[in-house]
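Close look at the chain arrangement
So the chains spell out like this:
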Amino acid sequence: MQGAALSFVIAVALANGGFNVLAQTGPDRTRLQTSHPRDALSPEAREMVELASGAVCQERIGDPKGSVPIDEMQGRPSLPVQSPEAVAGIQRAQRLLPIARNLVVVSLRQLAQDYNLTNSRGYNLKIQHAIARVEAVRNIRPDVDSRDNASVFLKTPHTIIFGTIFLAGLPSDEGIISVLAHELVHIGDGAEDSLSSLFRALGNRASQLTGLKIHGQRAEELTCDMVGMLVARAYVSATPSYEPLPRRISRSLEHNCVDQDEGDDDHLSPRSTIRALLTLSPTVSHELVYGR
């Protein structure tokens, strides 16, 4: 899909969600950037990823709305649901949920096209089921015990649960909307594994480019993070401000700027997650480094 066409889709999607600010125009400002190079990552591209990753965490330091790294969140005491920070976070998340739903739908369709899944047998029906589940999500529920996490349960597919520490640790629209999008993708996948082909395709591509093993649950989590970053980037395009572009983009990734960089069988380490996402998104890397 060409940039102008997708720009129109994003604007319509936002309007349908009760948000009628049109996206900015111009090159590399209005697309959900998902295209990927065919060849292995060049040394120059690797250097760009490292520079962009560093820019994300450097932006966080000077940003009054910067996200708190998740390892720092883990060390904080539990936060009551009625605390001012949690209340502000839940209000922000509920306000952004309709926008996130619409942009997740756009992103899933674009990724399916970019990873050549639109002609796959049965995939169109599966993605329609996934989109229907995404569009049915209506509620945000704060939870003290969830602390620095967000989660969904398939038995309550209309609700996203946010730990109160996580709500407080994401003080920007860009940070919250990226996590909303992440959880919406999990809901979209559902018990039917409707998005498994997309997870596998994106995980294989990320494995090829990074040399890391990104399969199974790791591929699902990385795809959810990818959609989160793309949705936040689209939101930035649709809500112009005087804040620098790299600062706003960085907010969708800053919670991964940890000191204790540890992964597990289901997740890449936080800093490896930043690098993998920027490896798959050269346009976003360029914007972080050059500000345009």
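1. As for the overall build of the protein
What the protein contains, in helices and strands, is 12 helices and 3 strands. Taken over 292 residues, the protein has a buried fraction of 55%. Relative to all contacts within the protein whose residues are 6 or more apart in sequence, the contacts with residues 24 or more apart total 72%.

2. What to know about helix α7 (residues 173-189)
Two residues of an α-helix separated by three or four positions point the same way, owing to the 3.6 residues in each turn. For α7, built from 17 residues, the straight-helix expectation of 24 Å at 1.5 Å per residue is met to within 8% by its first-to-last C-alpha distance of 24 Å. Among the 17 residues in α7, 17 count as buried, and that is most of the element. Immediately downstream of α7, the backbone of glycine 190 shows phi near 60 degrees, a positive value.

3. What to know about helix α9 (residues 217-238)
The terminal C-alpha atoms of α9, which comprises 22 residues, lie 32 Å apart, in line with the 32 Å expected from a rise of 1.5 Å per residue. Burial analysis of α9 places 19 of its 22 residues in the buried class, which makes it a mostly covered element.

4. Considering the packing of helix α4 (residues 84-114) against α9
α9 packs onto α4 with a crossing angle of 115 degrees between their chain directions and a minimal axis gap of 9 Å. In this view, α4 runs roughly perpendicular relative to α9, as classed from their interaxial angle. Between α4 and α9 the crossing geometry is right-handed. On α9, the residues touching Arg95, Leu96, Ile99, Leu103, Val104, Ser107, Leu108 and Leu111 of α4 are Val227, Leu230, Val231, Ala234 and Tyr235.

5. Here's the deal with the side chain of serine 197
Relative to the helices and strands, serine 197 is located in helix α8 (residues 196-210). Beyond its immediate chain neighbours, meaning those up to four positions away, serine 197 contacts Leu117 and Tyr123.

6. Let's talk about the state of the cysteines
Across all of its chains, the model carries 1 disulfide by this definition. Cysteine 57 shares a disulfide with cysteine 257; S-S distance 2.1 Å. Here the disulfide of cysteine 57 and cysteine 257 is left-handed, its torsion about the S-S bond being about -90 degrees. One end of the pair, cysteine 57, is in helix α2 (residues 43-62); the other, cysteine 257, is in the loop between α10 (245-250) and α11 (270-280), and 200 residues separate them in sequence. Taken as a pair, cysteine 57 and cysteine 257 share a single burial class, namely buried.

7. Here we look at the sheet that holds strand β3 (residues 159-163)
On the basis of which strands lie adjacent, the open sheet formed by 3 strands has the order β1-β3-β2 and mixed pairing. Edge positions in the sheet fall to β1 (139-143) and β2 (150-151), since each has one partner strand and no second. In the sheet, β2 pairs with β3 via 2 bridges, with the strands oriented antiparallel. Paired with alanine 150 across the bridge in β3 is phenylalanine 162. Along the sheet, α4 contacts β1 and β3; its crossing angle with β1, the most-contacted strand, is approximately 160 degrees. Across the face of the sheet, α7 comes into contact with β1, β2 and β3 while running at roughly 135 degrees to β3.

What counts as what
Residues numbered from 1 in each chain as written. Predicted model: local features only at pLDDT ≥ 70, side-chain atom pairs only at ≥ 80, totals over all residues. Heavy atoms only, no water. Helix = DSSP H or I, 4+ residues; strand = E, 2+ residues; numbered from the N terminus. Buried < 20%, exposed > 50% of the residue type's maximum accessible area, 1.4 Å probe, protein only. Contact = heavy atoms within 4.5 Å. Expected span 1.5 Å × (residues − 1). Axes fitted to C-alpha atoms, helices over the stretch in contact; angles between N-to-C directions. Parallel < 35°, antiparallel > 145°, perpendicular 65-115°, else oblique. Left-handed = near helix turned anticlockwise from the far one by under 90°. Disulfide = S-S within 2.5 Å. Pairing = 2+ DSSP bridges.

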